[in-house]
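# Structure assessment
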Amino acid sequence: MIEVIIKAGISAFLASIGFGILFNIRGKKLILAGLTGAIGGILYKYSLYLGMSELVANFLGALGLAIFGEIFARLCKTPVTTFIVCALIPLVPGGGMYYTMLEVIQGNVQEALVKGLETLSIAGVLALGILVVSTGTQFYLRTKRAMETYRFDDNFYNCLLYTSPSPRDSTS
């Protein structure tokens, strides 16, 4: 089974590199985008190996690639989308979209709805994984910045106790 996981990582790496070239990413950032995709692919396959559902495996893969995308973006001082877009492509449920359309063309409405909902669920879970990491990162960075700006000294506590008058408080 380890061979399957390694093959998944290598194929996700190469797919991410390919889309990175298509999106005109160069040098170290291209390799890091490929590595981000490989991490997502490995987490996805390993989660399936552990017996998790398709949705949970996609969520964990998206979480992994989003975490490393955020880290690599900070290290390279570049937008996070540089890494996440390329890395996400190997996890996108293209097969599900194909089979949904195939069922529609064949006239199997019930099967098309089932496949379509599965595909939309996977796409939603991928977006949710990225959203969780992005929100967590933003919360951490804003909290860290606020803690550096407002040090816990006497002025900080005085600031908390002082409230400025509201324009509604004036009696004019």
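Right above here is the structure, for reference.
All of the points below concern the structure found in this document. (Residues numbered from 1 in each chain as written. Predicted model: local features only at pLDDT ≥ 70, side-chain atom pairs only at ≥ 80, totals over all residues. Heavy atoms only, no water.)

## Points about the nonpolar core
Of all hydrophobic cores here, the largest spans 25 residues; its most connected members are Leu65, Phe83, Ile84 and Leu126. Elements with a contribution of two residues or more to this core: helix H2 (28-49), helix H3 (54-76), helix H4 (81-88) and helix H6 (109-149). Ranked by residue count, the leading element in this core is H3, at eight residues. Discounting residues that sit within four places of it in the chain, Phe83 has contacts with Lys29, Leu32, Ala33, Thr36, Gly69, Phe72, Ala73, Cys76 and Thr78. (Core = buried A, V, L, I, M, F, W, Y, C linked by side-chain atoms within 4.5 Å. Buried < 20%, exposed > 50% of the residue type's maximum accessible area, 1.4 Å probe, protein only. Helix = DSSP H or I, 4+ residues; strand = E, 2+ residues; numbered from the N terminus. Contact = heavy atoms within 4.5 Å.)

## Focus: the packing of H2 against H4
The interhelical angle for the contact between H2 and H4, taken along N-to-C directions, is 50 degrees, at an axis separation of 8 Å. With respect to each other, H2 and H4 are oriented oblique. As for the relative orientation of H2 and H4, their crossing is right-handed in sense. Contacts from Lys29, Leu32, Ala33, Thr36 and Gly37 of H2 reach H4 at Thr82, Phe83, Cys86 and Ala87. Residue classes in the contact of H2 with H4 are distributed as five nonpolar, three polar and one charged. (Axes fitted to C-alpha atoms, helices over the stretch in contact; angles between N-to-C directions. Parallel < 35°, antiparallel > 145°, perpendicular 65-115°, else oblique. Left-handed = near helix turned anticlockwise from the far one by under 90°. Nonpolar A, V, L, I, M, F, W, Y, C, P; charged D, E, K, R; others polar.)

## Side note on H3
In this model H3 runs 32 Å from its N-terminal to its C-terminal C-alpha over 23 residues, within 8% of the 33 Å that 1.5 Å per residue would give. Of the residues one or two after H3, Lys77 is the one with positive phi, at around 55 degrees. (Expected span 1.5 Å × (residues − 1).)

## Details of the side chain of Thr36
Take Thr36: it is sitting in helix H2. For Thr36, a relative accessible area of 0% translates into the label buried.

## Section: the packing of aromatic side chains
Two descriptors summarise a pair of aromatic rings, namely the distance from one centre to the other and the angle between the planes of the rings. Following the criterion strictly, the structure yields five aromatic pairs and no others. Ring geometry for Phe68 versus Phe72: centroids 6.0 Å apart, planes at 50 degrees, classification tilted. One end of the pair, Phe68, and the other, Phe72, are both in helix H3, four residues apart, so they sit about a helical turn from each other. We classify Phe68 as partly exposed; its relative accessible area is 32%. By the ring-pair criterion, three or more aromatic residues cluster together here, those being Phe68, Phe72 and Phe83. (Phe/Tyr/Trp six-rings, centres within 6.5 Å; stacked < 30°, edge-to-face > 60°.)

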